Amino acid sequence: MKYILLSLLVLSLASHSQESPVIGTVLTKENVSQYSDFIDIPLKQLIEQGYVTITVGETFTVPMNEKFASQTNKYKNTATIDHGTGNLLNYKEGLPFSDPIIVSDDQAGVKIAWNMRYAYGGDSSMVDPFIWDYRNMTKDKIERTISFVGKTLRYKHRVSSLPETNLPDNKAGIFSAIYLLAKKPYDLKNTQLLVHRLEDDSARERTWLYLSVQRRVRRLPSGQSTDAFLGSDIMIEDFLGYNGRIMDMKWKLLSREEILVPFFKHNKLNADIPDSNEYDFGQFHGKGHCFPNVPWQVRKVYKIEAIPKWTQHPLSKRIFYVDAETFTPVLGRFYDKSGDIWRRAIGGFSHPDYHLSENKGSGVMIPSLISMIDVQAQHCTTLKMKTSINSASVTRKNFTVQSLRTKGK
């Protein structure tokens, strides 16, 4: 049996007829065809059109958080998938599905979706500053900049509070929460967003928005999670890679591949520049300065497809490239109702041990430079992030509706 499984793994990993690009190689429109096996095809087309170049960096491993790894090992092979609903059953702690996932498994896609949801991203995070630039690609011009403070909190299945892994007094069954507070510009100052993701996947997420111009909190209906957030190229459903219900999509594993993705070591970006007290975000480059200017490395990924079950959804499907080691959704393509590529997501993630000192040993890939590109409108929204994992400044009171009202005054 083990030889059969090994054969399936080998067959499910896309083979390459080309040699892997070496460190320091710059992929341009002149030479990208030599490395097409290692590039997502639509991205290769953008390189051929002169939109962007890619520099190849070293490939590294990211050790799993020690406590999370212990949980994963303890409850290995406990979780299962309900064949009818796709719901996660018998989950305890850790990564739900830690064995290699193979293409021939008809539940492979939804297993990866659940691994994305439960992969350890920290018990909390603080992003400050969190800068969104709205960019016109054709004119290479920033049209608007919004500066946020962003926070996340995991209510259940935590690792830093072992042996008790859940926060107390959580009658609503909240799994995790997201909070955004706009600091600039003046017309949006104190605008806030709060999202409660419940662990019960059949329950709708609960989302509230405080608009500073209206000076009141309003509950957002579920359909508005697919609207452009504050006029950007990003939906609330896009947050954290995918912020919707797992059950709202039909998930399918298309292939296992080795391709270039923007994983890098943040403090090596400008190693020739003397240390300073100011955080160096890094830069965007390419057409309209819409692409993270970081090294890309060859990594094993899962290519998965998610098709909305809701017929009124603005997308016909999503394609994710999910890192096979960390289950980080690092690249995405989003298709309109006509089946054409509408938007591209590119996530530049730093190794935690080469970022802020407080992130070392966390086992969490650190989101640093993120881009959502509307290839049809020739527009993008770029995100620059200073991210701290398990920050002591993140408290539970930040994630209440009453807090929205208090901060809005």
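Draft legend 1. Focus on the overall build of the protein. When helices and strands are tallied, the protein shows five helices and 20 strands. Its C-alpha radius of gyration of 21 Å places the protein within 12% of the 22 Å reference for a compact globule of 409 residues. With the C-alpha coordinates of the protein rotated into their principal frame, the extents come out at 60 × 55 × 50 Å. Within the protein, the fraction of its 409 residues that count as buried is 56%. Here the contacts in the protein between residues at least 6 apart in sequence split such that 62% fall between residues at least 24 apart. Put simply, the protein shows about 18700 Å² of open surface, and 50% of that area lies on carbon and sulfur atoms. The protein carries 53 positive and 43 negative side-chain charges, and their two centres are separated by 7 Å.

Draft legend 2. Fine view of the packing of aromatic side chains. Using the criterion set out here, one finds 18 aromatic pairs in the structure. Here the aromatic rings of Trp-132 and Phe-239 are separated by 6.5 Å at their centres, their planes lie at 80 degrees, and the arrangement is edge-to-face. Separated by 107 residues along the polypeptide, Trp-132 in strand S5 (residues 124-136) and Phe-239 in the loop between strand S10 (216-220) and strand S11 (249-261) bring together distant segments of the chain. By relative accessible area, Trp-132 is classed as buried at 2%. Residue class for Phe-239 comes out buried when judged on its relative accessible area of 10%. Consider the rings of Phe-320 and Phe-334, whose centres lie 6.4 Å apart with planes at 70 degrees: the pair is edge-to-face. On the criterion of sequence distance, the pair formed by Phe-320 in strand S16 (residues 317-323) and Phe-334 in strand S17 (residues 329-335) is long-range, its members being 14 residues apart. Among the aromatic residues, those joined into a ring-pair cluster are Phe-130, Trp-132, Phe-148, Phe-229 and Phe-239.

Draft legend 3. Main features of the confidence of the model for the protein. Considering every residue of the protein, the mean pLDDT works out to 93; 94% of them sit at 70 or more. Scored below 50 in pLDDT, residues 1-12 makes eight contacts in the model with residues more than four places away or belonging to other chains.

Draft legend 4. Quick peek at the nonpolar core. Counting residues in each nonpolar core, the largest one holds 96 residues, and the members touching the most others are Trp-132 and Trp-251. Ranked by the residues each element gives to this core, the list is headed by helix H4 (residues 108-118), at seven residues. Each residue touching Trp-251, except ones within four places of it in the same chain, is listed here: Gly-109, Val-110, Ala-113, Tyr-242, Ile-246, Ile-304, Glu-305, Ala-306 and Phe-320. With 19 residues, the next largest nonpolar core counts Leu-153, Tyr-155, Leu-181 and Val-394 among its residues.

Draft legend 5. Fine view of helix H5 (residues 401-408). Those residues of H5 not exposed but buried are Val-401, Ser-403, Leu-404 and Gly-408. Taken end-on, H5 shows its buried residues confined to a sector of 155 degrees, consistent with a single buried face. Tucked inside the fold, the buried residues of H5 contact strand S7 (174-184), strand S8 (192-198), strand S9 (206-211) and S10.

Procedures and definitions
- Residues numbered from 1 in each chain as written.
- Predicted model: local features only at pLDDT ≥ 70, side-chain atom pairs only at ≥ 80, totals over all residues.
- Heavy atoms only, no water.
- Helix = DSSP H or I, 4+ residues; strand = E, 2+ residues; numbered from the N terminus.
- Rg over C-alpha atoms; globule rule 2.2 N^0.38 Å.
- Buried < 20%, exposed > 50% of the residue type's maximum accessible area, 1.4 Å probe, protein only.
- Contact = heavy atoms within 4.5 Å.
- Areas by Shrake-Rupley, 256 points an atom, 1.4 Å probe, with all protein chains shown as cover.
- Lys, Arg positive; Asp, Glu negative; His and termini not counted.
- Charge placed at Lys NZ, Arg CZ, Asp CG, Glu CD.
- Phe/Tyr/Trp six-rings, centres within 6.5 Å; stacked < 30°, edge-to-face > 60°.
- pLDDT = per-residue confidence, 0-100.
- Core = buried A, V, L, I, M, F, W, Y, C linked by side-chain atoms within 4.5 Å.
- Arc of directions from axis to C-beta.

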